[in-house]
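# Fold and geometry: a report
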Amino acid sequence: MKKRQLGSSDLHISEIGFGCMSLPTDLQDASYILDAALDYGINYFDTADLYNQGLNEEIIGQLIKEKRQDIILATKVGNVWDSSGDSWHWDASKTHIKEGIKDSLHRLQTDYVDLYQLHGGTIEDDWNEVTDAFEELKQEGLIREYGVSSIRPNVLKRFLPTSNAVSVMMQYSLLDRRPEEWLDFIADQGASVVTRGSVAKGLLTNEWQKRLTKTNGYLTYSKEELENTLTKLAHSTTSIHAVALQSILQHQSIASAVVGASSKEQLATTIKAYEEMNAIRNMDELIRLTKQDTYSSHRN
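Residues numbered from 1 in each chain as written. Predicted model: local features only at pLDDT ≥ 70, side-chain atom pairs only at ≥ 80, totals over all residues. Heavy atoms only, no water.

### Examining the environment of serine 247
For clarity, the cut-off: We count a stretch as a helix when DSSP gives it H or I for four or more residues in a row; a strand needs E for two or more, and each element gets its number in order from the N terminus. In what follows, a contact means two residues having at least one pair of non-hydrogen atoms within 4.5 Å.
For serine 247, the location among the structural elements is in helix α9 (residues 240–249). C-alpha of serine 247 to C-alpha of aspartate 284: the two residues are 37 residues apart in sequence and 9.0 Å apart in space. With near-sequence residues (within four places) excluded, serine 247 lies in contact with Tyr172, Leu174 and Met283.

Structure below.
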């Protein structure tokens, strides 16, 4: 598994990252998957305080405490569960960010987080206060680096130029190419992109036909457009999954394609696709089969 530098930081993360949200809540089942990921050479693990109301962090904490030195651990802050546990609200205040890290560290059973990410953001947020919070956490040794998880260009334009953020987590895949017009801007600010939605809810895997029956479309793709596009891709390559990963990782501004797995078998199919992706020779032709959409809102 190759690694890439995360922005201007000293962190080098695996080209395939592990999205922890899909981990089973059974500790033993989760352990099998996480151990397999480490065996494959994955070192980047991404969670959030929002997932399962903190339970996901607790599970990760249990599983990595003997392997902490081998892992680049990322989590997120900004969404606060309401007392009912049925919904959450947004809080990007300095107070919450600095309290949130303490709670996450306790659940993760570690003294520090490698990458702390703001889990969203709006133009109404006080970005000087957000940056101050992250910078103070760095000085205190509780985090090594920080970034943001957002698909809003107006948020990125406010946060990146005025901070030392090294990462942006964005939904990006062959079926959601909206980030492409912003990749150079992000790289110019000293940050890398870490992708989510990398296989578009399984539509960009070799199980695409099965997944297609469970959806009425995807973003701007109608169901008919989606079926036509995926059929053309399938006829043009031996592995849609491999194409999906290569289409992301061909960009140097991408540090890692984060993919989840709820079983060892799912993870194995991702690793197989990763190993096959460099054999693809007609990427430009394959990419032209998909839409070049751009963000239509939250631009300014």
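### Here's the deal with the sheet that holds strand β9 (residues 143–149)
Our working definition: Whether two strands pair depends on DSSP finding at least two bridges between them. As a rule, the C-alpha atoms of each element are fitted with a line to give its axis, helices using only the stretch in contact, and angles between N-to-C directions run from 0 to 180 degrees.
With respect to topology, eight strands assemble into a closed barrel ordered β3-β4-β5-β8-β9-β10-β11-β14, the strand pairing being parallel. On average, each strand axis in the sheet is inclined to that of its neighbour by 30°, with strand direction left out of account. Across five bridges, the pairing between strand β10 (residues 167–171) and strand β11 (residues 192–196) is parallel. Within the sheet, the bridge partner assigned to methionine 169 lies in β11 and is valine 194. Along the sheet, α9 makes contact with β3 (16–19), β11 and β14 (254–260), crossing β14 at roughly 150°.

### Concerning helix α3 (residues 94–108)
Residues three or four positions apart in an α-helix share a direction because the helix packs 3.6 residues into each turn. What counts, and what does not: What a helix is expected to span follows from its residue count: subtract one and scale by 1.5 Å. Accessibility here uses a 1.4 Å probe with only protein chains present; expressed as a share of the type maximum, an area under 20% marks a residue as buried, one over 50% as exposed, and anything in between as partly exposed.
Look at α3: 21 Å from first C-alpha to last across 15 residues, which is about the 21 Å you get at 1.5 Å a residue. For α3, the full list of buried residues reads His96, Ile97, Lys98, Gly100, Ile101, Ser104, Leu105, Arg107 and Leu108. Contacts from the buried residues of α3 go to α2 (55–64), β5 (72–77), β6 (79–81), β8 (113–118), α4 (127–139) and β9. Residue glutamine 109 follows α3 closely and has a positive phi angle near 55°.

### Concerning the pattern of salt bridges
Where we set the bar: A pairing counts as a salt bridge when a side-chain nitrogen of Lys or Arg comes within 4 Å of a carboxyl oxygen of Asp or Glu.
If you walk through the whole model with that rule in mind, you get 17 salt bridges. Residues arginine 107 and glutamate 57 are paired through a salt bridge, measuring 2.6 Å at the closest nitrogen-oxygen approach. Taken as a pair, arginine 107 in helix α3 and glutamate 57 in helix α2 lie far apart in primary sequence, 50 residues in all. An identical accessibility class is assigned to arginine 107 and glutamate 57; each is buried. A salt bridge links lysine 94 to glutamate 136; the nearest nitrogen and oxygen atoms lie 2.6 Å apart. Of this pair, lysine 94 sits in helix α3 while glutamate 136 sits in helix α4, and the two are 42 residues apart along the sequence. Judged by its relative accessible area of 24%, glutamate 136 falls in the partly exposed class. Salt bridges sharing common partners tie together Lys94, Lys98, Glu136 and Glu140.

### Some words on the environment of asparagine 52
Structurally, asparagine 52 is set in the loop between β4 (44–46) and α2. The spatial distance from the C-alpha of asparagine 52 to the C-alpha of methionine 21 is 8.2 Å, given a sequence separation of 31 residues.

### A look at the side chain of threonine 110
Locating threonine 110 in the fold gives a position in the loop between α3 and β8. Take threonine 110: its relative accessible area is 11%, and that puts it in the buried class. Here threonine 110 is in contact with Arg68, Leu73 and Leu105, once residues within four sequence places are set aside.

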